[in-house]
Amino acid sequence: ECPGTGSAQAGRAAACQGCPNQGLCAAGAAGPDPAEAAELRARLRAVRHTVLVLSGKGGVGKSTFSALLAHGLAADETKQVALLDIDICGPSIPKIMGLEGEQVHQSGSGWSPVYVEENLGVMSVGFLLSSPDDAVIWRGPKKNGLIKQFLRDVDWGEVDYLIVDTPPGTSDEHLSIVQYLSATHIDGAVIVTTPQEVSLQDVRKEINFCRKVKLPIIGVVENMSGFVCPKCKNESQIFPPTTGGAEKMCQNLNVSLLGKVPLDPQIGKSCDRGQSFLAEAPESPATLSYRNIIQRIQEYCEQQHFKEEKIM
């Protein structure tokens, strides 16, 4: 496991072998250099809140959650929301947001995000590919360079919430985004899991990663938490929580459980059509759960902002 960028073993532990950031960590330069940090601060100075969405394992609905979190926040027309997709090898955000085939445009102030609504902008490597089926076959340094470019060269403007959708795991992209954003501010991370132990096992690693790199954890979301049949109303556990699910894990690790989102077939259909499930199924139990979770994330971010203003 990564020893953490602040550890005395950073860049020197056995787990560091082969990591593209090994040299930086070993030299004590885990964060961006001063000039680079100044560039990032200048570009992101108008971003009020930054939230990372993480998952230990793929297939738990992390990108879907990121997209619906962005839609839910943008439902307030007074808020400006940005969604950044740094899942370089599996960029699904363009499809989920109904932006497949869109291209990035260059202006005098940098790359312009692709807008779903006037107050919801999106950036993804998917906009740089000639076809959605193109494979991104890059080594770590090139992926890191693109992540830095997304933060430094995209004209985000004034943003209330920047949501960052990350790839699964605790790999190079995660280390890079935390290091680059260390020049500015991260409110925290939301970790998405499913109830079964095979998923929770990887989430424990994700929580350990966050603590080692000093990334605050806003809380955990248990996705695909049960399924209520729309006809007979009986509830089935598609992914049985054999070890107590996310609730028990959060109690053991002293992490907040933000909520449980039940399965709803309409979620997958909405994603395939590039529509907001929250708007298409406003009365669904899953929508009500999402809205409660989004409200808790907003409250957390506002509390963080209040604490920082008080310190200043």
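This is a predicted model, so every value here is computed, not measured. (Residues numbered from 1 in each chain as written. Predicted model: local features only at pLDDT ≥ 70, side-chain atom pairs only at ≥ 80, totals over all residues. Heavy atoms only, no water.)

Q: So what exactly am I meant to see when it comes to the pairing of strand β1 (residues 47–55) here?
A: Along any regular strand, the residues point their side chains to alternate faces of the sheet. Of all the nine residues making up β1, eight are buried; the element is thus mostly covered by neighbouring parts of the structure. As paired elements, β1 and strand β8 (residues 188–193) share five bridges and run parallel to each other. Directly across from Val51, in β8, lies its bridge partner Gly188. (Buried < 20%, exposed > 50% of the residue type's maximum accessible area, 1.4 Å probe, protein only. Helix = DSSP H or I, 4+ residues; strand = E, 2+ residues; numbered from the N terminus. Pairing = 2+ DSSP bridges.)

Q: When you look at the nonpolar core in this model, what are you seeing that I'm missing?
A: It is characteristic of soluble globular proteins that their nonpolar side chains tend to be buried jointly. Core analysis: the largest hydrophobic core is formed by 87 residues, its most contacted members being Leu52, Phe65 and Ile297. Setting aside residues no more than four positions away along its own chain, Ile297 makes contact with Val51, Phe65, Leu69, Val190, Ile218 and Leu258. (Core = buried A, V, L, I, M, F, W, Y, C linked by side-chain atoms within 4.5 Å. Contact = heavy atoms within 4.5 Å.)

Q: Sorry, what's going on with the packing of helix α7 (residues 197–212) against helix α8 (residues 245–253) here?
A: Relative placement of two packed helices is described by the angle separating their axes and the distance separating the axes. As a packed pair, α7 and α8 sit with axes 11 Å apart at the nearest point and diverge in direction by 35°. For the pair α7 and α8, the sense of crossing is right-handed. Each of Leu200, Val203, Arg204, Ile207 and Arg211 in α7 lies in contact with α8, whose residues at this interface are Gly245, Ala246, Met249 and Leu253. Its residues placed into classes, the contact of α7 with α8 shows six nonpolar, one polar and two charged. (Axes fitted to C-alpha atoms, helices over the stretch in contact; angles between N-to-C directions. Left-handed = near helix turned anticlockwise from the far one by under 90°. Nonpolar A, V, L, I, M, F, W, Y, C, P; charged D, E, K, R; others polar.)

Q: What exactly am I supposed to notice about the packing of aromatic side chains here?
A: Given two aromatic rings, one states the distance between the centres and the angle between the planes to describe the pair. This structure, assessed with the given rule, holds two aromatic pairs. Aromatic pair Phe65 and Tyr290: ring centres 5.8 Å apart, planes at 25°, arrangement stacked. Of the two residues, Phe65 sits in helix α3 (residues 62–74) while Tyr290 sits in helix α11 (residues 285–311), which places them 225 residues apart along the sequence. The residues Phe65 and Tyr290 share a single accessibility class, namely buried. (Phe/Tyr/Trp six-rings, centres within 6.5 Å; stacked < 30°, edge-to-face > 60°.)

Q: I'm lost on the pattern of salt bridges in this one. Help?
A: If the charged atoms of two oppositely charged side chains come close together, the side chains can form a pair. Applying the stated rule across the entire model yields twelve salt bridges. Across the pair Arg152 and Asp153 runs a salt bridge whose closest N-O atoms are separated by 3.0 Å. Judged by relative accessible area, Arg152 falls into the partly exposed class, the value being 26%. Salt bridges sharing common partners tie together Lys57, Asp202 and Lys205. (Salt bridge = Lys/Arg side-chain N within 4 Å of Asp/Glu carboxyl O.)

Q: Is there a simple way to think about the environment of Lys260 in this case?
A: Its place among the elements puts Lys260 in strand β12 (residues 257–261). Classification of Lys260 as partly exposed rests on a relative accessible area of 37%. Contact partners of Lys260, with chain neighbours within four places excluded, come to Glu222, Ser225, Glu247, Ser289 and Ile293. Side-chain polar atoms of Lys260 contact the side chain of Glu247, separated by 3.2 Å. (Polar contact = N/O pair within 3.5 Å; in protein donor to acceptor, adjacent residues only side chain to side chain.)

Q: Got a minute to help me understand helix α5 (residues 140–153) in this structure?
A: A turn of α-helix holds 3.6 residues, and therefore any two residues three or four places apart point the same way. With 14 residues, α5 extends 19 Å from end C-alpha to end C-alpha; this agrees with the ideal 20 Å at 1.5 Å per step. In this fold, the buried residues of α5 make contact with α2 (34–44), β2 (81–85), β4 (110–112), β6 (120–124) and α6 (172–181). (Expected span 1.5 Å × (residues − 1).)

Q: Honestly, the packing of α2 against α5 in this entry has me stumped. Any pointers?
A: Contact geometry for α2 and α5: axes closest at 8 Å, N-to-C directions at 50°. What the angle tells us is that α2 and α5 run oblique. Residues Glu36, Glu39, Leu40, Arg43 and Leu44 of α2 touch α5, and the partners they reach there are Lys148, Leu151, Arg152 and Asp153. The residue makeup of the contact of α2 with α5, split by class, is three nonpolar, no polar and six charged. (Parallel < 35°, antiparallel > 145°, perpendicular 65-115°, else oblique.)

Q: Would you take a moment to explain unusual backbone geometry for this structure?
A: Most peptide bonds take the trans configuration, and most residues that are not glycine carry a negative phi. Backbone geometry places Lys214, a non-glycine residue, at a positive phi of 60°. On the secondary structure map, Lys214 appears in the loop between α7 and β9 (217–223). The exposed category is assigned to Lys214, whose relative accessible area is 68%. At Met224, a residue that is not glycine, the phi angle is positive and equals roughly 55°. With respect to the helices, strands and loops of the structure, Met224 is situated in the loop between β9 and β10 (227–228).

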